[in-house]
Amino acid sequence: MYYLWLMIPALLLSLWAQAKVKGTFSKYSKVRSINGYTGALTARKILDDSDLHDIDIIAGKGMLTDHYDPKKRLVNLSEAVHSRNSLAAIGVAAHETGHALQDRDGYGPLRLRTYLVPVANIGSMAGPYIVIFGLIFSVGFMIELGIVLFAAAVLFYLITLPVEFNASKRAMELLENKGILDREELAGAKKVLSAAAMTYVASAISAILTLLRLVLLSRNRR
């Protein structure tokens, strides 16, 4: 029963956040920018004005797969962002270049998140299964190991929040200061980034509740 009480709200929040970001992105993908910037042009201007000429911009595949890779030093913009002249595309592109500026400035949470990626991937995928294995075969060490690994994944999700919020803040300031969007257009771009931020909040809450569930399962076994 406590599993249902913990996970159903998290699932509903996650579904709502995904629907919100897709709906908001779709709405502002249809609103064109007055100044004619595309996502790629926006990212290139911000990077060049910040003396980050060595960072490449590539057109990726998929929907909302945009990201900045600090190891390869490139900004990957999805099909709906790279060559599109819309408030949604410009907002997302500016957000990803915000991560590039974080990397340049040595932004602490971004560096920590980058270091946590390998263990977080292992923890999120394997942690719960290791706990279940330990419960089935009564191996206490496996239960504790699984919980520790998943806790690392939870830490990753929590650190992601300030990283994403800061990138969005930088994006809005850049779009305004460089005259890429006017004041009315900024409101639309902000709504897109705010909706996207909710997906990270939902992921963090879901991860925390899953960790709590694993801890409760461990205690019940005892």
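Placed above this text is the structure.
From a predicted model like this one, the values you see are computed outputs, not experimental measurements.

Caption draft 1: Molecular detail of the side chain of Ser86. You can see Ser86 is positioned in the loop between α3 (79-82) and α4 (87-105). Once you skip the residues sitting within four places of it in the chain, Ser86 turns out to touch Tyr28, Ser29, Val31, Arg32, Ser33 and Tyr37.

Caption draft 2: Region of interest: the packing of α4 against helix α6 (residues 140-177). Running from amino to carboxyl end, α4 crosses α6 at an angle of 110°, the nearest separation of the two axes being 7 Å. Relative to α6, the element α4 is oriented roughly perpendicular. In the crossing of α4 with α6, the sense of the turn from one axis to the other is right-handed. Between α4 and α6, the contacting residues are Ile90, Gly91, Ala94, His95, Gly98, His99, Leu101, Gln102 and Asp105 on the first element and Val163, Glu164, Asn166, Ala167, Ser168, Arg170, Ala171, Leu174 and Leu175 on the second. Classifying every residue of the contact of α4 with α6 gives eight nonpolar, seven polar and three charged.

Caption draft 3: Geometry of the pairing of strand β3 (residues 74-77). The alternating pattern of β3 places Leu74 and Asn76 on one face and Val75 and Leu77 on the opposite face, and all of these are buried. Bridging between strand β1 (residues 56-59) and β3 involves four bridges; their strand directions are parallel. Across the sheet, the residue bridging to Ala59 is Leu77, located in β3. Strand direction decides the pairing type here: strand β2 (residues 67-69) and β3, joined by three bridges, are antiparallel. The partner of Tyr68 across the bridge, within β3, is Val75. The hairpin formed by β2 and β3 contains four residues between the paired strands, and Arg73 there has a positive phi angle of roughly 55°.

Caption draft 4: Highlighting a nonpolar patch on the surface. Taken together, the side chains of Leu4, Ile8, Leu11, Leu12 and Leu15 define a hydrophobic patch exposed on the protein surface, amounting to about 470 Å² of accessible area. Among the secondary structure elements, Leu12 is positioned in helix α1 (residues 2-29).

Rules and cut-offs
Residues numbered from 1 in each chain as written. Predicted model: local features only at pLDDT ≥ 70, side-chain atom pairs only at ≥ 80, totals over all residues. Heavy atoms only, no water. Helix = DSSP H or I, 4+ residues; strand = E, 2+ residues; numbered from the N terminus. Contact = heavy atoms within 4.5 Å. Axes fitted to C-alpha atoms, helices over the stretch in contact; angles between N-to-C directions. Parallel < 35°, antiparallel > 145°, perpendicular 65-115°, else oblique. Left-handed = near helix turned anticlockwise from the far one by under 90°. Nonpolar A, V, L, I, M, F, W, Y, C, P; charged D, E, K, R; others polar. Buried < 20%, exposed > 50% of the residue type's maximum accessible area, 1.4 Å probe, protein only. Pairing = 2+ DSSP bridges. Patch = residues over 30% accessible without salt bridge, like charges linked within 9 Å, V, L, I, M, F, W, Y side chains within 5 Å. Areas by Shrake-Rupley, 256 points an atom, 1.4 Å probe, with all protein chains shown as cover. Salt bridge = Lys/Arg side-chain N within 4 Å of Asp/Glu carboxyl O.

Everything listed is a geometric property; what it means functionally is a separate question.
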